[in-house]
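Now for the letters of each chain:
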Amino acid sequence: MERGTRDTEPGRVVLRPAGEIDMATAGEFEAVLTEALRRPGVREVVVDLADVRFLDSSGVRVLVHGVAVGRGGDVTLRVTGPQPGVARVLRITGVDALLGLADEATGRPVARGWRGLD
């Protein structure tokens, strides 16, 4: 997994991992994400998944754990730009709404709960 990190404005960090987030790379991704979430003064961490071509349950676990870490420090974690295969994984695991993803057709936030997993 390759990665890019940038501070776009005060209090906001954008992480842009690339490649695959799986069992082999989840530990590195978790370390980078946790560091960003715990950085002093950060209020929002955006994980841009546009360059991630594969995400398995290890990557989903890291993102969900990141939400919990963020909430503990009053930091919002949000995911943007997943490729269709990655978006599908997030949708069928039911974490899309938790991660702030919008429905592509409507642009509105995904409904919470298990409905709409078709």
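It should be noted that the structure appears before, not after, this text.
Residues numbered from 1 in each chain as written. Predicted model: local features only at pLDDT ≥ 70, side-chain atom pairs only at ≥ 80, totals over all residues. Heavy atoms only, no water.

Observations concerning the overall build of the chain
Here comes step 1: Tallying secondary structure elements over the chain gives three helices and six strands in all.
Here comes step 2: Each helix (α) and strand (β) of the chain, taken in turn from the N terminus, gives the series β-β-β-α-β-β-α-β-α.
Here comes step 3: Of the contacts formed within the chain by residues at least 6 apart in sequence, a portion of 65% connects residues at least 24 apart.
Here comes step 4: Summed over all atoms, the accessible surface of the chain reaches about 6,700 Å², with 51% contributed by carbon and sulfur. (Helix = DSSP H or I, 4+ residues; strand = E, 2+ residues; numbered from the N terminus. Contact = heavy atoms within 4.5 Å. Areas by Shrake-Rupley, 256 points an atom, 1.4 Å probe, with all protein chains shown as cover.)

As for helix H2 (residues 57-72)
Here comes step 1: Over its 16 residues, H2 extends 23 Å from the first C-alpha to the last, a length consistent with the 22 Å expected when each residue adds 1.5 Å.
Here comes step 2: Regarding H2, the residues found buried are Ser58, Gly59, Val60, Val62, Leu63, Gly66, Val67, Val69 and Gly70.
Here comes step 3: The elements touched by buried residues of H2 are strand E3 (18-21), helix H1 (26-37), strand E4 (44-48), strand E5 (51-55), strand E6 (76-80) and helix H3 (84-92).
Here comes step 4: Near the N-terminus of H2, the side chain that reaches the backbone nitrogen of Ser58, with its oxygen 2.8 Å away, is that of Asp56.
Here comes step 5: In the stretch just after H2, Asp74 is the one whose phi turns positive, near 60°. (Expected span 1.5 Å × (residues − 1). Buried < 20%, exposed > 50% of the residue type's maximum accessible area, 1.4 Å probe, protein only. Polar contact = N/O pair within 3.5 Å; in protein donor to acceptor, adjacent residues only side chain to side chain.)

Side note on the nonpolar core
Here comes step 1: Core analysis: the biggest nonpolar cluster contains 28 residues, and Leu33, Val45, Val47, Leu49, Leu63 and Leu90 have the highest contact counts within it.
Here comes step 2: Every element with two or more residues in this core is listed here: strand E2 (12-15), H1, E4, E5, H2, E6 and H3.
Here comes step 3: Considering each element in turn, this core owes the most residues, six residues, to H1.
Here comes step 4: In this view, Leu63 contacts Phe29, Val47, Leu49, Leu55, Leu77, Val79, Leu90 and Leu99; residues no more than four positions away in its chain are not counted. (Core = buried A, V, L, I, M, F, W, Y, C linked by side-chain atoms within 4.5 Å.)

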